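Coordinates in review
The residues making up each chain are set out below.
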Amino acid sequence: MTSRIVVTGGAIIRDDHGRILLQRRSDYGDWGLPGGGMEPGERIEETMIREVKEETGLDVISYELASVYTGERMKYTYPDGNEVVFVMFLFNARVNLDGKLAEDGRTLCFEDQNNESLQLTFTSLDEIEIEMINKVQKPVFIDLIQEKQGILR
């Protein structure tokens, strides 16, 4: 079976405490960064901005390219047997969180129309359990925890 290449745009969104917004996805039940697949004709930053809006309700104010993940670590087999290889563009994205957080100061109050997000929570890197992270995004979180630098990964 041949693998398809899927280009994705994702966002690293931090709150004022430096915690990262994690999304618990309804399709897998595991955690990762908000983001998703590029649509034909889109620029990659448009993909990230659209996906952030769809999955979190947040508007991206500004962004910069943080990293691009390619290669063997980005292979994924869906439960139905379809194999894909992700080319993942990650952006550091700034958003306005005024009035968007629950009383706990960590939970983003948002229900997306497609129910892609079960939970949206700001979490510090030292609280993240790597087993809870989506398989394809594990290298991203390992790099974030280890403070790895460089665009291409």
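Here's what I pulled together on the structure shown here. Not measured: the values here are computed from a predicted model.

Next up on the list: the sheet that holds strand 8 (residues 117-123). Read from one edge of the open sheet, three strands run 3-2-8, paired in antiparallel fashion. At either end of the open sheet lies a strand with only one pairing partner, and these are strand 3 (31-32) and strand 8. Here two bridges tie strand 2 (residues 20-25) to strand 3, and the two strands are oriented antiparallel to one another. Across the sheet, Gln23 pairs through a bridge with Gly32, a residue of strand 3.

Positive phi is not limited to glycine here, since Glu147 has a value of about 55 degrees. Structurally, Glu147 is set in the segment after helix 2 (138-145). By relative accessible area, which is 62% here, Glu147 ends up exposed.

The next thing to look at is the packing of aromatic side chains. Applying the stated rule across the entire model yields three aromatic pairs. Seen from their ring centres, Tyr76 and Tyr78 are 5.0 Å apart, and the 85 degrees between their planes marks the pair as edge-to-face. Given the relative accessible area of 23%, Tyr78 is considered partly exposed. Three or more aromatic residues joined by ring pairs make a cluster, and in this case those are Tyr76, Tyr78 and Phe86.

Reading guide: rules and limits
Residue indices follow the written sequence of each chain, beginning from 1 at its first position. Note on the predicted model: pLDDT of at least 70 is required for a residue's local features to be given, and 80 or more for side-chain atom pairs to be given and counted; whole-chain, interface and lining totals, by contrast, use all residues. Water and hydrogen atoms play no part in the side-chain values, which are based on all heavy atoms of the structure. Note on pairing: two strands pair once DSSP finds at least 2 bridges between them. Secondary structure elements follow DSSP: runs of H or I of four or more residues count as helices, runs of E of two or more count as strands, with numbering from the N terminus. A 1.4 Å probe rolled over the protein chains alone gives each residue an accessible area, and that area as a share of the maximum for its type sets the label: buried under 20%, exposed over 50%, partly exposed in between. Aromatic rings from Phe, Tyr and Trp, taking only the six-membered ring of Trp, are treated as a pair when their centres fall within 6.5 Å; an angle between ring planes under 30 degrees marks them as stacked, one over 60 as edge-to-face, and anything in between as tilted.

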